[in-house]
Amino acid sequence: MHNELNLHPNIPKFLAQPKRMLINGQWVESTSGKQFETLNPATREVLTKVAEGDKEDINCAVQAARKAFAEGPWSRMKPNERSRLIYKLADLIEQNADELAQLETLDNGKPVRESRYVDIPSSCEHFRYYAGWVTKITGETFPVSAPGNFLNYTRREPIGVVGQIVPWNFPLLMAAWKLAPALACGNTIVFKPAEQTPLTTLRLGELIQEAGFPDGVVNIVTGFGETAGAALVKHEDVDKIAFTGSTEVGKIIVGEAKGNLKKVSLELGGKNPNIIFADADLSKAIPAALAAIFFNQGEVCTSGSRLYVERKIYDQVISAMTEAIQKIKLGNGLMPSTEMGPLVSEEQLKRVNDYIEIGQKEGAEIYVGGLQSDETELSKGYFVKPTIFTNVDDQMTIAKEEIFGPVLSVLPFDNTDDVICRANHSTFGLAAGVWTKDVSKAHRVANALESGTVWVNAYGLTDAASPFGGYKQSGIGREMGSTALDLYTQIKSIWVNID
Ligand code: ADP
């Protein structure tokens, strides 16, 4: 079945053996000997088995990371050498892009046209961006007025051993977002991919070794959140946790990290408002609103899941969107023509289907889409139809909670103040969109939105150079750009008496 879809020749070989974990430069089984299966969400077929790491394995990985931080060649490496290693890794990702893209699609379900042209190239860009930073991470000098004569300067030093935990929606890209700045700043890492999608991270581990990173600098422990993830968060010799995932788990992490007061940065959920004013260029706003919710099956923390449309263009926007939705091609992500793949797992399918039922029960109307019938070919996988709800009230569950699937609420609004207030009426504050030709209004609304990112006449863009993170319960800290350097360095102030 796989080969009918022209799989890259390395993939069957890669999947043929159960996958091990990377600890201290060695590929090892879990201490318990346990393994778990990872599935193809388009077919529910088992792709391979993966070592199930837990507390013991996390402990070994943390020890390896500590040793590499304290003693290894990594700690003595010159910035330009560290930079070259990160550039080399980016080159290797690029050279293996076709294979990585297919592997990502097999494990996550997303269309290969997205994994090949978004996830993998963006991962390369991310490593390159931070490879460039390595030789530019500097301190400052300060004109202190303390009595005496002092040179006061700061050094930006690595934090130490960093634990990183990521979700399953952009497995390789999330690994790049986490690893690239942490490596650039000179930390060592214990990385835990999501249990649903470990494969591209494990392939990345091979490329990390091929690039020549010293042993123990990047350790990869595969396993479940409640065991391996929790052990990493609680570990007293981990200096920092960087997490991307649900707000629910983010709150658990804040609690569990307190033992040794490790630093915590979090990139969490969103219920993002996308606002179309009547004066917007609808030829751009409508396709962007569709992509905002249906890209990556809606499994995106920045997805534009609350679409606010000015009342006088509401019917026009809904009918144009409905027409476009009928044409979205659902299918196995490995087919080049597929525009939307399955959700990642049985659990996620149930979660999204439950939200669709809750929406109906609370009185919202399915305008298009709805539950997938069991009889179709697609019921072999975890597919959900692109779905639009109308007659939605801001207080309904589907308008408040993050669904993480292709389910959109379209809500009419009457004026600017009304929509700002409703857009901000959320515990989240990750991202927002504003569509208008009125420049003043665009700026006024962008300033008023309580959101870590606002796109004006655009939606969904991220770039390695631009800070990214959440207001309110959408997170703590800013990844990307120079701001990520703050997450992975600590500042030391040095006073030198020059009297
Ligand atoms: P989702 O609900 O989208 O699967 P989660 O926030 O549950 O997102 O998972 C994101 C990542 O967090 C995954 O790698 C998962 O294994 C991990 N995780 C889940 N629960 C915990 C926990 N209690 N402690 C640490 N990591 C966890």
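Numbers given for residues are sequential positions, taken from 1 along each chain in its written order. Predicted model: local features are reported for residues with pLDDT of at least 70 only, side-chain atom pairs are reported and counted for 80 or more only, and whole-chain, interface and lining totals are derived from all residues. Note that water and hydrogens are dropped before the side-chain values are worked out from all heavy atoms of the structure.

### Quick word on the environment of D354
- When you line up the elements, D354 lands in helix 13 (residues 346–361).
- Given a relative accessible area of 30%, D354 falls into the partly exposed group.
- Along the chain, D354 and Q102 lie 252 residues apart, while their C-alpha atoms are 30 Å from each other. Under the DSSP-based scheme used, a helix requires at least four consecutive residues in state H or I and a strand at least two consecutive residues in state E, with every element numbered from the N terminus. Buried, partly exposed and exposed residues are distinguished by accessible area as a fraction of the type maximum, computed with a 1.4 Å probe on protein chains only: under 20%, between the cut-offs, and over 50%, respectively.

### As for the domain arrangement of the chain
- Segmentation into domains, and thus their bounds, comes from an automatic or database assignment. What the domain assignment reports for the chain is domain 1 (3–268 + 475–494) and domain 2 (273–463).
- Computed from C-alpha coordinates alone, the two centres of domain 1 and domain 2 are separated by 30 Å.
- Every residue pair with non-hydrogen atoms within 4.5 Å of one another is taken to be in contact. Counting residues at the interface gives 30 residues for domain 1 and 35 residues for domain 2.
- Buried area is a sum: the accessible area each of two parts loses on coming together, probed at 1.4 Å, counted once for each and added. Summed over both partners, the interface of domain 1 with domain 2 comes to about 2600 Å²; 59% of that surface belongs to carbon and sulfur atoms.
- When the area that domain 1 buries against domain 2 is broken down by residue, the three leading residues are L5, R44 and W168, summing to 23%.
- What makes a salt bridge here is a side-chain nitrogen of Lys or Arg within 4 Å of a carboxyl oxygen of Asp or Glu, nothing more. Summed over the shared surface of domain 1 and domain 2, the result is one salt bridge.
- Its salt-bridge partner being E346, residue R44 comes within 3.0 Å of it at the nearest N-O pair.
- Between N or O atoms, a polar contact is any pair within 3.5 Å; within protein, one atom must be a potential hydrogen donor and the other a potential acceptor, and residues adjacent in sequence are included only when both atoms are from side chains. Our enumeration of links across domain 1 and domain 2 arrives at 12 residue pairs in polar contact (both at pLDDT 80 or more).
- Secondary-structure elements contributing two or more residues to the side of domain 1 that touches domain 2 are helix 5 (97–108) and helix 6 (112–133).
- Counting residues per element, the side of domain 1 that touches domain 2 draws most heavily on helix 5, which supplies five residues.

### A few points about the pattern of salt bridges
- Here the structure, examined in full by the defined rule, presents 23 salt bridges.
- With a shortest N-O distance of 2.7 Å, E99 and R203 are connected by a salt bridge. Pair noted here: E99 is in helix 5 and R203 is in helix 8 (residues 199–211), with a separation of 104 residues, a long-range link.
- Note on E99: relative accessible area 2%, which makes it buried.
- Judged by its relative accessible area of 8%, R203 falls in the buried class.
- Between K350 and D354 there is a salt bridge, and its shortest N-O distance comes to 2.8 Å. Residue K350 and its partner D354 are both found in helix 13; the two are separated by four residues, about one turn of the helix.
- Residues joined by salt bridges that share partners form a network here, namely R66, D237 and D239.

### A look at the packing of helix 11 (residues 282–294) against helix 12 (residues 314–326)
- The angle between two axes is taken between their N-to-C directions and runs from 0 to 180 degrees, where each axis is a line fitted to C-alpha atoms and a helix contributes only its stretch in contact. Across the interface, helix 11 lies against helix 12 with an axial gap of 10 Å and an inter-helix angle of 55 degrees. Of the possible angle classes, the one that applies to helix 11 and helix 12 is oblique. Helix 11 and helix 12 meet at a crossing whose hand is right-handed. Counting all contacts with helix 11, which are made through L282, I286, A289, L290 and F294, the residues of helix 12 involved are Q316, V317, A320, M321, A324 and I325.
- When the residues that make up the contact of helix 11 with helix 12 are grouped by side-chain class, the tally is 10 nonpolar, one polar and no charged. Oblique is the label for any angle not under 35 degrees, not over 145, and not in the 65 to 115 range, which are roughly parallel, roughly antiparallel and roughly perpendicular in turn. The crossing is said to be left-handed when, going from far helix to near helix, the turn is anticlockwise and less than a right angle, and right-handed when the turn is clockwise. Under the scheme applied here, ten amino acids are nonpolar (Ala, Val, Leu, Ile, Met, Phe, Trp, Tyr, Cys and Pro), four are charged (Asp, Glu, Lys and Arg), and all others, including Gly, are polar.

### What about unusual backbone geometry?
- The phi dihedral of N296 falls on the positive side, at around 55 degrees, and the residue is not glycine.
- One non-glycine residue, Q297, lies in the positive phi region at around 60 degrees.
- Looking at the secondary structure, you find Q297 in the loop between helix 11 and strand 13 (306–310).

### Things to note about the pairing of strand 16 (residues 407–413)
- Extensive coverage of strand 16 is indicated by the burial of seven of its seven residues.
- Judged by which residues are buried, strand 16 turns out to be covered on both faces: V407, S409, L411 and F413 on one side and L408, V410 and P412 on the other are all buried.
- In terms of strand pairing, strand 13 meets strand 16 through five bridges, oriented parallel. Within strand 16, the position partnered with R306 by the bridge is S409.
- For two strands to be treated as a pair, DSSP must find at least two bridges joining them. With three bridges connecting them, strand 15 (residues 387–390) and strand 16 associate as parallel partners. If you follow I388 over to strand 16, its bridge partner there is L408.

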